[in-house]
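Each chain is listed here by its residues.
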Amino acid sequence: GDRQGAPRRAAAGPRRRMAVSAQGSGMLRGVRVLDLTRILAGPFATMQLADMGADVLKVEMPGRGDDTRSWGPPFLGGDSGGMATYFASVNRSKRSVAVDLKHPRGAQAVRSLASKADVVIENFRPGTLDRMGLGYESLSAANKRVVLCSLTGYGQWGPASEAAGYDVSVAAEGGLLSITGEPDGPPVKPGVAVTDMMTGMHAAAAVLAALLEVRSGGEQAVGRHLDVSLMDCQLGSLANIAAAALNPPAGSGQTSQSRWGSAHPSIVPYQAFEAADGRPLIVSAMNDAQFAALCSALGGSLAGMSDDPRFATNAARVKHREQVVAAVRCELKSGAGGAAVTREELVRLLRRNGLAASPINSVEEAFETDHARGRRAVVELHHPVAGSVRLPAPAIRAGKRGVDASKGTDGEAVAARWAPPLLGEHTREALADWGACTEDELEAGISEGWLQQAGADRR
């Protein structure tokens, strides 16, 4: 401390329920994660770790916080001073620490946090952390076991590494937009930021692998610097489309993939149709046996079609796509000869015959299905300003240890632990918990503005 006498260590004070939960439950209990990310990919990665029980400290700029706090409307808690639902979607189960990284003492506080972390995740441009004294070499010198995960648009090295990269720009340059949309329409941005989300998933998986490596390596184990970029994840996630583009048939002259709307370039039928009541649904036949079942279930012009050599195999159906799709469309619009007029009736009919058929639901409808309710796909969390906040539940359902997951899940192994935090809600608490600041330093930081503490208490 910079006052006379011995510095006083910050007292953690009475624990809030969420702090106890952060320290004591989940598959990653005891793992400390310092989150220096903002926007979507990084926060999504750290939210997955937080839901699994890691103690995630989200470092934010005092007075402003993560940019997505203001990315609205819609806002929770009202347009004036509310929190954007965008921010809420990927920041639950974390503690917010408001520290000014540009202030020397703020940067030092973050370096102290990093020295005690198992994982540091950041999404600054390459070289930024080095200039703050938070690059991998500096971090590993103080904490040899630390795993540093850097998320960027284009990676830590390479011709475009210094370029800014955001979801839609990387999705465009990385080929995704060129294959998204209707065949006769322009390229279309997916309805959700899938490039960011895929990058967050890759980052979380890489962090878990690196943690396992460190923890199985004994006392001499050292961490790693993980280089995760939007572009690498976008290219790597093109899957079958990339494989086809990279391996065109000899002499075909094929140079790129087309846009197929809801259809599939390699499977027929596999796309959106309309029921007799005009409501949309997806119908697919993934193999020859399923196509035979589809023909039998819908009848009419499809009757016997699966025995015709022009349509008996998937390759043949792809070749004669227009005829197959027209026949399926006709029978669906006829309501399977009157046996299934509504969309719901068609879905039930096709599912009874072992086929994958699904209504095209709105987002609201998707969360109201019997299955979504049965799987408890929505969690309701209390927020001190917004009140009740409803969010998608964690996607993983973990069985109890040693028990088949179908016989019951462990509600603490993976859980939405508390609502997204207020800006700086846990600054005092978290810096004290991790031993990063003295009481004197906390007081000085708040009075000088390089720390910020929100006043809410959620007990």
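Residues numbered from 1 in each chain as written. Predicted model: local features only at pLDDT ≥ 70, side-chain atom pairs only at ≥ 80, totals over all residues. Heavy atoms only, no water.

## A closer look at the sheet that holds strand β2 (residues 55-60)
Here's step 1: Strand order across the open sheet formed by seven strands is β8-β7-β6-β1-β2-β5-β14, with mixed pairing between neighbours. Both edges of this open sheet fall to β8 (225-229) and β14 (451-452), since each of them pairs with a single strand only.
Here's step 2: Relative to strand β5 (residues 95-99), β2 runs parallel, the two being bridged by four bridges. Looking at the pairing, E60 lines up with A98 of β5.
Here's step 3: Packing against the sheet, helix α2 (residues 41-51) makes contact with β1 (32-36), β2, β6 (119-122) and β7 (147-152), and its axis sits at approximately 155° to β2.
Here's step 4: Sheet strands touched by helix α8 (residues 194-215): β6, β7 and β8. Its angle to β7, the strand with the most contacts, is close to 165°. (Pairing = 2+ DSSP bridges. Helix = DSSP H or I, 4+ residues; strand = E, 2+ residues; numbered from the N terminus. Contact = heavy atoms within 4.5 Å. Axes fitted to C-alpha atoms, helices over the stretch in contact; angles between N-to-C directions.)

## Some details on the pattern of salt bridges
Opposite charge on two side chains lets them pair, provided their charged atoms get close.
Here's step 1: Taken as a whole, this structure holds 18 salt bridges when the rule is applied.
Here's step 2: For D288, the salt bridge is made with R317, and the minimal N-O distance between the two is 3.0 Å. Taken together, the positions of D288 in helix α11 (residues 288-298) and R317 in helix α12 (residues 314-319) put the pair 29 residues apart, joining distant regions of the chain.
Here's step 3: Relative accessible area serves as the criterion here: at 35%, D288 is assigned to the partly exposed category.
Here's step 4: Taking the relative accessible area as the measure of exposure, R317 reaches 0% and is therefore buried.
Here's step 5: In the salt-bridge network here, residues are joined through shared partners; they are D55, R95, E429 and D433. (Salt bridge = Lys/Arg side-chain N within 4 Å of Asp/Glu carboxyl O. Buried < 20%, exposed > 50% of the residue type's maximum accessible area, 1.4 Å probe, protein only.)

## Thoughts on the sheet that holds strand β10 (residues 280-284)
Here's step 1: Across the sheet, three strands lie side by side as β9-β10-β11; this open sheet has antiparallel pairing. Only two strands of the sheet have a single partner each, and these edge strands are β9 (270-274) and β11 (357-359). On average, each strand axis in the sheet is tilted by 25° relative to the strand beside it, whichever way the strands run.
Here's step 2: For β9 and β10, the ladder comprises five bridges, and the chain directions are antiparallel. Bridge pairing links E274 to P280 in β10.
Here's step 3: Where helix α13 (residues 321-333) meets the sheet, its contacts fall on β9 and β10, and the angle it forms with β9 comes to roughly 35°.

## Focus on the packing of aromatic side chains
Here's step 1: Tallying each qualifying case throughout the model produces one aromatic pair.
Here's step 2: Ring geometry for W71 versus Y86: centroids 5.1 Å apart, planes at 80°, classification edge-to-face. Pair noted here: W71 is in the loop between β2 and β3 (75-76) and Y86 is in helix α3 (residues 85-89), with a separation of 15 residues, a long-range link.
Here's step 3: For W71, a relative accessible area of 39% corresponds to the partly exposed category.
Here's step 4: With a relative accessible area of 28%, Y86 lands in the partly exposed category.
Here's step 5: The lysine or arginine in question, R38, covers the ring of F124, its NZ or CZ lying 4.6 Å from the ring centre. (Phe/Tyr/Trp six-rings, centres within 6.5 Å; stacked < 30°, edge-to-face > 60°. Lys NZ or Arg CZ within 6 Å of the ring centre and 35° of its normal.)

By themselves, these figures tell us nothing about what the structure is for.
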